[in-house]
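Structure at a glance
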Amino acid sequence: MNMLRCRLRPMGVAAALLSLLMVSACGQIYASSQPASGPPGGPSSDVKQVVIGFAQQQLQAPYFSAMQVRAEQIAAEQGFRLLFQSANKDPVIQMNQMTAMISQGAKVLVVNATSVKGQKPMMNQIASKIPVIYIDTSVPDTGATSVQSDNLTIGRESGKITAKRFLDAGKKNIKILLLTGPATDEFVGPARRQGFLDGLKEGGLPYEIKAEQSGDYQQDKGQVGAENMLAANPDADLVVGLNDSMAIGAYAVVDRNPAYKNILIAAAADGQKEALALIKRGGCEGRYVSTGLNSPSLAAEDALKIAVAIATGQKKPSDYPKQSFTKAVGIGCQNIDQFYDPNSVF
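This text gives an overview of the structure that appears in the document. Treat the numbers as computed from the prediction; the structure is a model and nothing was measured.

**Considerations on the packing of aromatic side chains**
- The tally for this structure, following the rule as stated, stands at 4 aromatic pairs.
- Ring geometry for Phe 54 versus Phe 84: centroids 5.0 Å apart, planes at 40°, classification tilted. Taken together, the positions of Phe 54 in strand β1 (residues 51–56) and Phe 84 in strand β2 (residues 81–86) put the pair 30 residues apart, joining distant regions of the chain. Of the two residues, Phe 54 and Phe 84, both sit in the buried class.
- An aromatic cluster is present here, built from Tyr 63, Phe 64 and Phe 346 joined pairwise through their rings.

**Things to note about the environment of Leu 238**
- Mapped onto the fold, Leu 238 is located in strand β8 (residues 238–241).
- Considered as a pair, Leu 238 and Gln 148 are 90 residues apart in the sequence and their alpha carbons are 28 Å apart.
- In this view, Leu 238 contacts Thr 162, Phe 166, Ile 174, Lys 175, Ile 176, Leu 177, Phe 196, Ile 263, Leu 264, Ile 265 and Ala 266; residues no more than four positions away in its chain are not counted.

**Considerations on the packing of helix α9 (residues 244–255) against helix α10 (residues 273–282)**
- Here α9 crosses α10 at 50°, and the two axes come no closer than 9 Å. Considering their axes alone, α9 and α10 lie oblique with respect to each other. Along the contact surface, α9 presents Asp 244, Ile 248 and Tyr 251, while α10 presents Glu 274, Ala 275, Leu 278 and Arg 281.
- Looking at side-chain class alone, the contact of α9 with α10 contains 4 nonpolar, no polar and 3 charged residues.

**Regarding helix α6 (residues 151–168)**
- Counted at 1.5 Å a residue, the expected span for α6 with its 18 residues is 26 Å, and the 26 Å between its end C-alpha atoms agrees.
- Of the residues making up α6, those classed as buried are Asn 151, Thr 153, Ile 154, Gly 155, Arg 156, Ser 158, Gly 159, Thr 162, Ala 163, Arg 165 and Phe 166.
- Count one or two residues on from α6 and you reach Gly 170, which has phi positive near 85°.

**Brief notes about the pairing of strand β4 (residues 132–135)**
- Residues of β4 alternate between two faces, with Val 132 and Tyr 134 on one and Ile 133 and Ile 135 on the opposite face, all of them buried.
- When strand β3 (residues 108–111) meets β4, the two strands line up parallel, connected through 3 bridges. Following the sheet pairing, Leu 109 is matched in β4 by Val 132.
- Following the backbone out of β3, through helix α5 (residues 120–129) and into the adjacent parallel β4, one traces a crossover that is right-handed.
- Bridging between β4 and strand β5 (residues 145–148) involves 3 bridges; their strand directions are parallel. Along β5, the bridge assignment pairs Ile 135 with Val 147.

**Description of helix α8 (residues 219–232)**
- Under the 1.5 Å per step criterion, the end-to-end length of α8 is 20 Å for 14 residues, consistent within 8% with the ideal 20 Å.
- Listed in full, the buried residues belonging to α8 are Gly 222, Gly 225, Ala 226, Met 229 and Leu 230. Angular distribution of buried residues about the axis of α8 spans 125°; they occupy a single face of the element. Along α8, exposed side chains directed more than 90 degrees from the buried face belong to Asp 220, Ala 231 and Ala 232.
- Where α8 is buried, its residues meet β6 (174–180), β7 (207–214), β8 and α9.

**Side note on the sheet that holds strand β9 (residues 264–267)**
- Spatial strand order, β7-β6-β8-β9: 4 strands in an open sheet with parallel pairing. The open sheet has two edge strands, β7 and β9, and neither has a second partner. Across this sheet, the average inter-strand angle for adjacent strands is 25°, counted without regard to direction.
- As judged from the 4 bridges shared by β6 and β8, these two strands associate in the parallel manner. Bridging from a neighbouring strand, Leu 177 pairs with Val 239 of β8.

Reading the values: rules and limits
Residues numbered from 1 in each chain as written. Predicted model: local features only at pLDDT ≥ 70, side-chain atom pairs only at ≥ 80, totals over all residues. Heavy atoms only, no water. Phe/Tyr/Trp six-rings, centres within 6.5 Å; stacked < 30°, edge-to-face > 60°. Helix = DSSP H or I, 4+ residues; strand = E, 2+ residues; numbered from the N terminus. Buried < 20%, exposed > 50% of the residue type's maximum accessible area, 1.4 Å probe, protein only. Contact = heavy atoms within 4.5 Å. Axes fitted to C-alpha atoms, helices over the stretch in contact; angles between N-to-C directions. Parallel < 35°, antiparallel > 145°, perpendicular 65-115°, else oblique. Nonpolar A, V, L, I, M, F, W, Y, C, P; charged D, E, K, R; others polar. Expected span 1.5 Å × (residues − 1). Pairing = 2+ DSSP bridges. Right-handed = clockwise from strand over helix to strand, strands pointing away. Arc of directions from axis to C-beta.

If you want it as structure tokens, here you go:
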């Protein structure tokens, strides 16, 4: 091996990323990096001197933008400085942003990872320099802790509500069309999908999946995906979105077309207020059947509470479990009034 390669000192963030993604021929395995035991330069006792970085994976879906709104509210209320950036689902961009946040004095990073598998080498390196609190999507075995939704349980509870709706109507089996996340959605979407299907099974409703298409967690793309699948499968009984945004897009398709008058809509997760409004408006005979509580506000509150405690020295990263979950519950016509708030940020 050329010794020059072993002495290579990458210049710039892009080169640094390449370095992090390699298992060096010099024998350095990046996965062995130890997580930071505290904030860079030590904690700040005054919260008004604290800088916290928030590396969001994207802002194309309302769930993610609602996290930003709540995070900025919390920063204003408590007086710390928040550095917020969105990576547009690009791990290279997210790496650049996290590196910049560290250089700007961040004491802790809150990270919604863009890739569960692909970011492990880089997140090991980032987490060795600064405490990392994951939110929504984490990279296993890296960082201090994660605050996430229990996507499997949320999906299952929504699926059970949908199963009851069909069985109560005398339907003994159904044909399903599924709107999924992007190719980089390696954990959250698959867990929601499996949960929802498990819920149908637990609810006693046999099903057949007729088609699946990515809606990228966005309403407009969910609408296009639903149009495509319904055109090929007009005899479907249910369109399921792995989040409410895509399901709302599907609702727009079936609601305006008499040919789809018997097709129902459900979401595996989110509890977006526009979806809850549809459930409330339609009641137990409505076309939007169910969703699951996945609150971006609760997630942001929990993650930033941990971040501030570590940044100010009240807690150490090691004081927290590797994973914690926000409340998981299915939402349908029977309990909609407990969760619908027209003034919610999400």
